[in-house]
Structure formats: structure tokens, C-alpha cells
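Fold and contact review
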Amino acid sequence: MRYTQNPAANALELPPDGALPATRHYLPARTLKLTTGSSKIFDFTIPLRRVAIADTEVADVEVIGPNQLMLVAHKPGATTLSVWEEGGDYYERPVRIEQSGPQQVELHVVVAELNRSKLEQQGLDISAALANAGVAIVGLQGNVATPYNAATNLTASSGAGTLSSLPPNGVFPPGGSLIPLLLSSSMTYGFTSQNGQWTTNAMFQILEQHDMAKILAEPMLIADSGEQAKFLSGGEIPIVIAQALNTSIVFKQFGTSVTFVPTVIDEDEIELVVAPEFSQPDYSQGVQLFGFTVPAFITRRAQTRVRMRENQTLIIAGLMLDTPLSQVRKTPYLGDLPYLGYLFKHTYYRRVKSELVMTVTPQIVRPIPPAVRVALPTDRGPMSPTEIRTQPLSQPDASRARFQ
């Protein structure tokens, strides 16, 4: 296939099929740099007589024609390419094979924990007394007031508000007497009404509680294209390993760790491999070994490979953790007595469900153009009194999530 140059139009005339013309690459005078798995063709003005490469495991050379050869990269390393021409001249060029390309990628990462546990309580407790009809009504379906039980003394009062004698435990007052509701710390609204024929007390509760998001880490990482970048926010736990004649200690990492492998495959397209892992020690499931407690680890792990444009954001969510929690309230010393201590303490159980969310935004690092001058800290003058004055800040909205 031939390509002709039109001098009048000063433009390259393409064939009808629209194929681009071939470009000649002559052997440069500096080091030949390739990435693993890639190849490059070099042209020569004089026919070649012989070619050789020092280490064929790092790179290999293939002669395509009398004036053309192809260099193929196999694995990272360094070697030397030697070329002899027909006239007797020869060239030597160092060859450097790299794992990644020359581009770098900056990763903007945000790791947050969302507490999905939500407490919602709504209810109505009411007691009413119709003195003329001899009817008393109480309803505690809302569980707003302090719950009654068989040991509670229900104090009855007459219509005039005077207290009458207490009935036996767990027995309602006689009909027509008001059954007062015991106050609760979580009560929201209260309502009372009274006339000559009926008396009523009511308590309302409308309570909703949300736990907000918490930012665990917000790192900014830079990695070569195709290279690995790691991040860890946590710690290490020593674990004793006993063998036949000696004992050694190894350290197990825990916390929030993320592994990234960004690869630039186009001008603004990036292939990204993300492997987040969230772990924490659990001593309740650990084992005893030579007097030491080796904890178990609760781990949430995911791995994904995506192809995305520059400045697009990848969101990884759904790493759930359901943690049972217990709380003990007891009387000092008395609650620690064997068997009898259960009479002086209360144990409360609840479950906390949390979700981990991570966002990753890759950006290709580009150098500053030579003609652009970088601003220096000395370019700015001294700060004015207005700039250093303390400014009041508006109170943040407690209902707004802090994770964006």
C-alpha cells in the first residue's frame, strides 16, 4: 500500500479505506524504555547484517526485514541491544524494561463508616376514669410511661385529686378512679383533662434517633501506572507462635487497609483494581495458647476491577457488620455476688448494624508546562487584620450527613 504527498495541498493523501500511514521510528541515541508485555519497531537506513541482545529473558529482538527489527519486552530488568549494519558499523543501546508505564495516577480516597442502626419509638399511654359510670380505662401499648408489672403499686386518686388507699400489688383501683401514669425520661408530650364526669391523663412519645457517618480515613495516594499502592489505618497485634524448640512472635495487621492498582490505558481512561479490607480483633472468639490469648478477626473484604474515565468516582458499599452489644447496670458490690447478684443488676442487649463505604477518584498526574510559573509563598504579602480576625461559624445541621 502506497501513500503519496500532495505538495500543493501540503497534506497527506490517505487511501480510500481510511488507514493511517506508517510512521518510521529510528533507533534513538538514548536508553530504550519499554513496559512489560509491549513491543516497539525500529527502522534503519542501512540494511542490517546481525542483531543480538544480552538477556533474552528480559527482552527479545525479532528481525522483520533488512531495515527493520522489533524489540519485545518480557519482564522488568535491564539488558543491551547490539546491531551491526552491512557497512560494518554497529550500535549498542541500553534497554530498560519497566513494570509500569511512565504515567502516574493520583487517587483521592474517602473511607467512611455509616451506622445504619436507627431507633424509632412512637406511642401513647392513656388512663381515664368515668366517675359517674364507675369505669376506669388504662392503655399502655405505646410503652411511653414506665411499664407496669405485677409488683407495681397503682396509686388511685379520687376526682377531687385526693389520694385513696393503695390496693394490693398488681391490682387496678376500683372502677371510676383515675389510674395515674408513671413518668418516663423519654416522654415527649403530656396531656391531662378533667371535668365533673371524667378525668384523663395521656402521655405521648415520638422519638427518632439516627447515628451519623464517620470518616475513617481520607488519604491521597500517587502510584505509577500498573504499580500497586497500599494504605493502612489501624495497628498490629502480636501473636505468639510456639514451635518445637523456639517461640516466635508475628504481627497481624488490623484496621482499614486498601490496595490499589491503577493502569492508564488511554489518554483519560484508567483501569483500576481496588481491594479494600476492614478487620478488627474479636477476643470473645479467640483461643488460649501458652498463657496468651490469640484473638480471632472479623474481616470484611472485597475486590473489584473497573474501567473508568479520569475524575470519575467509584463507590464501593455494602460491607455490612452486625455487632451485638450488651450493657450491664448494677449496684456496686451487690451486683457482683454469685447468683444473688442477679437481683441487683440489669443487662440490656442491642445490635448495631454498620456499613462501610469507600469512594475512589483517580486523576492522571501531568507536569506543569514549562512556560507556567509556580506561585511561591513569598509572592503573597502580609495578611491584613481582617483576614486574621476570628470569624463566627454557623451551627451545623445535626440531621445532615457529614459524608459526601
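Since we're looking at a predicted model, the values are computed, not measured.

Next up on the list: the packing of aromatic side chains. Counted according to the given criterion, the structure contains one aromatic pair. Judged by centre distance (6.4 Å) and plane angle (35 degrees), the ring pair of W84 and Y90 falls under tilted. Lying across the ring of W84, R50 places its NZ or CZ 4.2 Å from the centre. Sitting over the ring of F297, K252 keeps its end group 5.6 Å from the ring centre.

By the secondary structure assignment, A112 is in strand β10 (residues 104–115). Through-space distance from the C-alpha of A112 to that of A213 is 6.7 Å; in sequence the pair is 101 residues apart.

Attention now goes to the pairing of strand β9 (residues 90–98). Pairing between strand β3 (residues 32–35) and β9: four bridges, direction parallel. Looking across to β9, one finds that L32 is bridged to V95. Both strand β8 (residues 77–85) and β9 contribute to a ladder of eight bridges, which runs antiparallel. Paired with T80 across the bridge in β9 is P94. Joining the antiparallel neighbours β8 and β9 is a turn of four residues, in which G88 adopts a positive phi near 105 degrees.

As a further point, take the nonpolar core. For soluble globular proteins, the rule of thumb is that nonpolar side chains tend to be buried together. L107, V109, F260, L272, V274, M358 and V360 are the most contacted members of the largest nonpolar core, which totals 24 residues. Contributions of two or more residues to this core are made by β10, β16 (220–224), β17 (229–242), β18 (247–264), β19 (269–289), β22 (314–330) and β23 (345–365).

The sheet built from four strands is open, its strands ordered β3-β9-β8-β5 with mixed pairing. Bordering the open sheet on either side are β3 and β5 (48–53), each of which pairs with just one other strand. Averaged over all pairs of adjacent strands, the angle between strand axes in this sheet comes to 25 degrees, irrespective of strand direction.

The calculated volume of the second largest pocket comes to roughly 250 Å³. Residue lining of the second largest pocket: 13 residues in total, with E113, L216, T256, Q280 and R300 positioned closest to the centre. Taken together, the elements giving at least two residues each to the lining of the second largest pocket come down to β15 (213–217), β18, β19 and β20 (292–301). Its residues assigned to classes, the lining of the second largest pocket comprises five nonpolar, five polar and three charged.

Conventions and cut-offs
Residues numbered from 1 in each chain as written. Predicted model: local features only at pLDDT ≥ 70, side-chain atom pairs only at ≥ 80, totals over all residues. Heavy atoms only, no water. Phe/Tyr/Trp six-rings, centres within 6.5 Å; stacked < 30°, edge-to-face > 60°. Lys NZ or Arg CZ within 6 Å of the ring centre and 35° of its normal. Helix = DSSP H or I, 4+ residues; strand = E, 2+ residues; numbered from the N terminus. Pairing = 2+ DSSP bridges. Core = buried A, V, L, I, M, F, W, Y, C linked by side-chain atoms within 4.5 Å. Buried < 20%, exposed > 50% of the residue type's maximum accessible area, 1.4 Å probe, protein only. Axes fitted to C-alpha atoms, helices over the stretch in contact; angles between N-to-C directions. 1 Å grid on protein atoms, 1.4 Å probe; cavity = no way out; pocket = protein on both sides within 12 Å on 5 of 7 lines; lining within 4 Å. Points joined across faces, edges and corners; volume = space filled by probe spheres on them. Nonpolar A, V, L, I, M, F, W, Y, C, P; charged D, E, K, R; others polar.

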